[in-house]
Amino acid sequence: QRSVISLSSENVESLKDKAAQLRREAQELEDKMMKTRPTVSTNTIPEPVAKAVYASMDDSKWTLTYRFASEPPSQDDDDD
């Protein structure tokens, strides 16, 4: 069931005025924010990040867990 709200033309105009005022305020705030927001220069090129190269795994520690397909997963494992 739908409810119908009837507004007098005075109420409609009041709402339109309020909406227009809110739009102006929002635009002023957005303009102010754009002026104070730091901008990134288009001429600035970020420095490339050197990639780590790993030549040895001598200091590595590995932990492998497994189960046989015929066994159900363990209920006490919290590693999921």
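Residues numbered from 1 in each chain as written. Predicted model: local features only at pLDDT ≥ 70, side-chain atom pairs only at ≥ 80, totals over all residues. Heavy atoms only, no water.

**Student:** Whenever I open this one, the overall build of the chain confuses me. Can you help?
**Tutor:** Looking only at helices and strands, the chain features one helix and zero strands. Among the 80 residues that make up the chain, the fraction classed as buried is 0%. For the chain, the computed accessible surface area is about 9,200 Å², with 53% contributed by carbon and sulfur atoms. (Helix = DSSP H or I, 4+ residues; strand = E, 2+ residues; numbered from the N terminus. Buried < 20%, exposed > 50% of the residue type's maximum accessible area, 1.4 Å probe, protein only. Areas by Shrake-Rupley, 256 points an atom, 1.4 Å probe, with all protein chains shown as cover.)

**Student:** What should I look at first to understand the packing of aromatic side chains in this one?
**Tutor:** The description of an aromatic ring pair rests on the distance of the ring centres and on the angle between the ring planes. The tally for this structure, following the rule as stated, stands at one aromatic pair. Seen in terms of ring centroids, Y66 and F68 are 6.0 Å apart; in terms of plane orientation they differ by 85 degrees. Their pairing is edge-to-face. The exposure classification of Y66 matches that of F68, with both residues exposed. (Phe/Tyr/Trp six-rings, centres within 6.5 Å; stacked < 30°, edge-to-face > 60°.)

**Student:** Teacher, can you tell me more about the environment of S56 here?
**Tutor:** Of note, S56 is situated in the segment after helix 1 (9-36). Residue class for S56 comes out partly exposed when judged on its relative accessible area of 43%. At 3.0 Å, the side chain of S56 forms a polar contact with the side chain of D58. (Polar contact = N/O pair within 3.5 Å; in protein donor to acceptor, adjacent residues only side chain to side chain.)

**Student:** Explain a negative patch on the surface to me, please; I cannot follow it from the model alone.
**Tutor:** Residues E25, E28, E30 and D31 make up a contiguous surface patch of negative charge. Mapped onto the elements, E25 comes out in helix 1. (Patch = residues over 30% accessible without salt bridge, like charges linked within 9 Å, V, L, I, M, F, W, Y side chains within 5 Å. Salt bridge = Lys/Arg side-chain N within 4 Å of Asp/Glu carboxyl O. Lys, Arg positive; Asp, Glu negative; His and termini not counted. Charge placed at Lys NZ, Arg CZ, Asp CG, Glu CD.)

**Student:** I keep staring at a nonpolar patch on the surface and nothing clicks. Help me out?
**Tutor:** Nonpolar side chains collect at one region of the surface, where M57, W62 and L64 lie side by side and expose about 450 Å² of accessible area between them. With respect to the secondary-structure elements, M57 resides in the segment after helix 1.

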